[in-house]
Amino acid sequence: MDGSGSGGGELPSEQLTSRSDQVPRFRGRMRRSEVECRQDIDSFAPGLLALFESLKPSEEHKSRQKQLVDSLAKSVGKEWPSARMHLYGSCANSFGTTHSDVDVCLEMEIGTESTVDVLLKLSDVLRADNFDNVEAITGARVPIVRMTDPASGFSCDICINNLLAVANTKLLKDYAQLDQRLLQLAFLVKHWAKQRRVNETYRGTLSSYAYVLMCINFLQLREPKILPCLQAMEPTYTLTTDGTECAYFDKVDQLQDFGAENKDSIAELLWGFFQYWAYRHDYRHDVISIRMGKTLSKQEKNWTTRVGNDRHLVCIEDPFETGHDLGRVVDRQTIRILGEEFERAAAVLQYDDDPCVTLFEPYDYEN
Ligand code: GTP
Ligand code: MG
């Protein structure tokens, strides 16, 4: 990561053996944050779009997901007949790839029982109904039951009454309908993150959800803008849950031409995304916020120092739970890894002869 960019500073300077060492570098005197993208960048758009198409879940994949949801509904309905089932996460927000899991939220009255007790009971019910690898993960920020569907092999996470996730799923889905370049960019970034092993929150890198928020904010900041800020407009959708109001303009069919003035190709945007996160984002001072459609200062969020496990090194504000930083999992070591991967990606797109392949080469911890 280059400390000479307009932001930076917080990130350590380049390491001798980093993940980005194998790629050519820009060696001129110009600041890396000011480098312009290669002249022939658009020639890589067809290859990137073909990859995007191949990552989209097939109709068969979707129908197997539906079968999973139907058999889960049967199991749940026996014990909790009035429970409502919501799909959330990437199986419902349009950002699901062939590799995505299925996320389900059960909305139910739990009376005096605790969420953990209900999840433990649910685990027993699912085991009895022959779902595989059923495990209650009760210590997480959002407690869940995780299991595998024996018919499809899909992994499924089930939570209780987490309607904030249902609301942010709808928000992301609405953004996805505004400009097809958001879906394309997010699929490619998610695929890159999985291949390069920087989509593992348990190891201190970022969730898929965080990457999608980064893509939305990037397109809100593009000139001319590709995406509007739906939460800054007159609300047409409101859901209040756990004392949090989720409100935004959801009549997205009225905004179809919003990004039309911007003609950037997916190749240029992908390069711009990595260039932004490698050299332009001010990690020391800024928080990205799709709620405001811009960056905010860490100071105004009071995210300047570590509080408990929230280190606030990379700051990504949740659109509704505004006290929740999706970057909280990143530590001093993983911010360096992320920086090296952003730098590698920007360099591959800038200099490599076959960036559509090199960019997504799997990272292997062994080598
Ligand atoms: P993939 O499954 O990787 O395709 O993406 P996903 O968007 O479904 O991500 P994931 O399964 O990690 O998360 C599921 C959903 O949980 C997200 O889409 C959000 O709606 C919600 N969510 C809310 N807060 C968080 C958080 O702190 N971390 C994660 N991972 N998800 C959150
Ligand atoms: Mg998911």
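Before reading further, recall that the structure is shown in the block above.
All of the points below concern the structure found in this document. Every value quoted in this text rests on a predicted model; they were computed, and no experiment measured them.

**Observations regarding the overall build of the protein**
Consideration 1: Helix and strand counts for the protein come out as 10 helices and 10 strands.
Consideration 2: In summary, the protein has a C-alpha radius of gyration of 21 Å against a globular reference of 21 Å for 367 residues, a match within 12%.
Consideration 3: Counting only C-alpha atoms and orienting by the principal axes, one finds that the protein spans roughly 70 × 45 × 45 Å.
Consideration 4: Per-residue burial over the protein gives 54% buried out of 367 residues.

**A word on the coordination of the magnesium ion (ligand 2)**
When four donors bind a metal tetrahedrally, each ideal donor-metal-donor angle is 109.5 degrees, and when six bind octahedrally, the ideal angles are 90 or 180 degrees.
Consideration 1: With distances of 2.0 to 2.2 Å, the protein atoms coordinating the magnesium ion (ligand 2) are D101 (OD) and D103 (OD).
Consideration 2: Given a relative accessible area of 24%, D101 falls into the partly exposed group.
Consideration 3: For D103, a relative accessible area of 10% translates into the label buried.

**Regarding the site of ligand 1**
Consideration 1: Around ligand 1, 19 residues are found, and the nearest of them are S90, S100, N168, K190 and S208.
Consideration 2: In this structure, N168 approaches ligand 1 through a side-chain N or O atom, which is 2.4 Å from an oxygen atom.
Consideration 3: One of the side-chain N or O atoms of H324 is found 2.8 Å from an oxygen atom in ligand 1.
Consideration 4: Taking 590 Å² as the accessible area of ligand 1 by itself, protein coverage stands at 83%.
Consideration 5: Within the residue set of the shell around ligand 1, elements represented by two or more residues are helix 4 (163-176), helix 5 (180-195) and helix 6 (208-221).
Consideration 6: Among the elements that take part in the shell around ligand 1, helix 4 stands out by supplying 3 residues, more than any other.
Consideration 7: A class-by-class count of the residues in the shell around ligand 1 yields 4 nonpolar, 9 polar and 6 charged.
Consideration 8: Composition of the shell around ligand 1 by domain shows at least three residues from each of domain 1 (13-55 + 179-358) and domain 2 (59-166).

**A look at the pattern of salt bridges**
Consideration 1: Inspection of every chain in the model, using the stated rule, returns 24 salt bridges.
Consideration 2: Notably, a salt bridge pairs E107 with R84, separated by 3.6 Å at the nearest N-O pair. Within this pair, whereas E107 is found in strand 2 (residues 102-107), its partner R84 is found in strand 1 (residues 84-88), the two being separated by 23 residues in sequence.
Consideration 3: R84 gets classed as exposed once you look at its relative accessible area, which sits at 51%.
Consideration 4: Overlapping salt bridges bring together K170, D174, D250 and K251 as one network.

**Remarks on the environment of T97**
Consideration 1: Within the secondary structure layout, T97 lies in the loop between strand 1 and strand 2.
Consideration 2: Residue classification places T97 among the buried residues on the basis of a relative accessible area of 6%.
Consideration 3: Counting along the chain gives 90 residues from T97 to F187, while the straight-line C-alpha distance between them is 7.2 Å.
Consideration 4: The residues contacting T97, other than those within four sequence positions of it, are L55, P57, H61 and F187.

**Brief notes about the packing of helix 5 against helix 6**
Consideration 1: Between helix 5 and helix 6, whose axes approach to 9 Å, the crossing angle comes to 140°. In this view, helix 5 runs oblique relative to helix 6, as classed from their interaxial angle. Every pair of crossing elements has a handedness; the one defined by helix 5 and helix 6 is right-handed. When helix 5 is examined against helix 6, the residues R181, L182, L185, A186, V189, K190, W192, A193 and K194 are found in contact with a partner set consisting of S208, Y211, V212, C215, I216, F218 and L219.
Consideration 2: Classifying every residue of the contact of helix 5 with helix 6 gives 12 nonpolar, 1 polar and 3 charged.

**Here we look at the sheet that holds strand 1**
Consideration 1: Judged by pairing direction, the sheet is mixed, and its 5 strands sit side by side in the order 1-2-5-4-3 without closing on themselves. Pairing within the sheet leaves two strands with one partner each, and these edge strands are strand 1 and strand 3 (132-137). Pairwise comparison of adjacent strand axes, ignoring direction, gives a mean angle of 20° for this sheet.
Consideration 2: Inspection of the sheet shows strand 2 paired to strand 5 (residues 155-160) by 5 bridges, in the parallel sense. For V102, the partnering residue across the bridge sits in strand 5 and is C156.
Consideration 3: Across the face of the sheet, helix 4 comes into contact with strand 1 and strand 2 while running at roughly 50° to strand 1.

**With respect to the nonpolar core**
Consideration 1: Within the largest apolar cluster, 77 residues are counted, with the highest numbers of intra-cluster contacts made by W192 and F274.
Consideration 2: For F274, the contacting residues outside a window of four places in its chain are V189, W192, F342, A345, A346, L349 and L359.
Consideration 3: Ranked by size, the runner-up nonpolar core spans 23 residues in total, among them V104, I110, L119 and V125.

**Section: unusual backbone geometry**
Consideration 1: Cis rather than trans, the peptide bond between E223 and P224 has omega equal to -10°.
Consideration 2: With respect to the helices and strands, the residue P224 is situated in the loop between helix 6 and strand 6 (237-241).
Consideration 3: Positive phi outside glycine occurs at N133, with the angle close to 45°.
Consideration 4: Mapped onto the fold, N133 is located in strand 3.
Consideration 5: Overall, the relative accessible area of 58% leaves N133 in the exposed class.
Consideration 6: Positive phi, close to 55°, is recorded for H312, a residue that is not glycine.
Consideration 7: With respect to the element layout, H312 can be found in the loop between helix 8 (298-301) and strand 10 (315-316).
Consideration 8: Among the residues examined, H312 registers a relative accessible area of 5% and is labelled buried.

Reading guide: rules and limits
Within any chain, residue numbers begin from 1 and follow the written order of that chain's sequence. Starting at A for chains and at 1 for ligands, labels are handed out in the order in which the entities are written. Per-residue local features are limited, in this predicted model, to residues with pLDDT of at least 70; the limit for side-chain atom pairs, both in listing and counting, is 80 or more; totals at the level of whole chains, interfaces and linings are taken over all residues. Computation of side-chain values: all heavy atoms of the structure, hydrogens and water removed. Numbered from the N terminus, helices here are DSSP runs of H or I no shorter than four residues, and strands are runs of E no shorter than two. We take the radius of gyration over the C-alpha atoms and set the globule estimate at 2.2 Å times the residue count to the 0.38 power. Burial here depends on accessible area, computed with a 1.4 Å probe over protein chains only, as a share of the maximum for the residue type. Under 20% is buried, over 50% is exposed, and the range in between is partly exposed. Metal coordination here is assigned from N, O and S atoms located within 2.8 Å of the ion, or within 3.2 Å for Na, K and Ca; omission of water means that sites may look incomplete. One heavy atom within 4 Å of a molecule or strand makes the whole residue count as near it. Within 3.5 Å is the distance limit for a polar contact, defined as a pair of N or O atoms, with the added protein rule that one can donate a hydrogen and the other accept it, and that residues adjacent in sequence qualify only through two side-chain atoms. Note on areas: these come from Shrake-Rupley sampling with a 1.4 Å probe, and a residue is covered only by the protein chains present in the view. Charged means Asp, Glu, Lys or Arg here, nonpolar means Ala, Val, Leu, Ile, Met, Phe, Trp, Tyr, Cys or Pro, and polar covers whatever is left, Gly included. Domain ranges listed in this record stem from an automatic or a database domain assignment. The term salt bridge refers to a side-chain nitrogen of Lys or Arg lying within 4 Å of a carboxyl oxygen of Asp or Glu. Throughout, a residue-residue contact means that at least one pair of heavy atoms, one from each residue, lies within 4.5 Å. Axis definition: a line fit to C-alpha positions, over the contact stretch in the case of helices; interaxial angles, taken between N-to-C directions, run 0 to 180 degrees. In what follows, roughly perpendicular refers to angles from 65 to 115 degrees, roughly parallel to angles under 35, roughly antiparallel to angles over 145, and oblique to any angle outside these ranges. Crossing handedness is defined as follows: a turn of the near helix away from the far one that is anticlockwise and smaller than a right angle gives a left-handed crossing, while the clockwise case is right-handed. We treat two strands as partners when DSSP finds at least two bridges between them. For our purposes a nonpolar core is just a set of buried Ala, Val, Leu, Ile, Met, Phe, Trp, Tyr and Cys residues, chained together by side-chain atoms within 4.5 Å.

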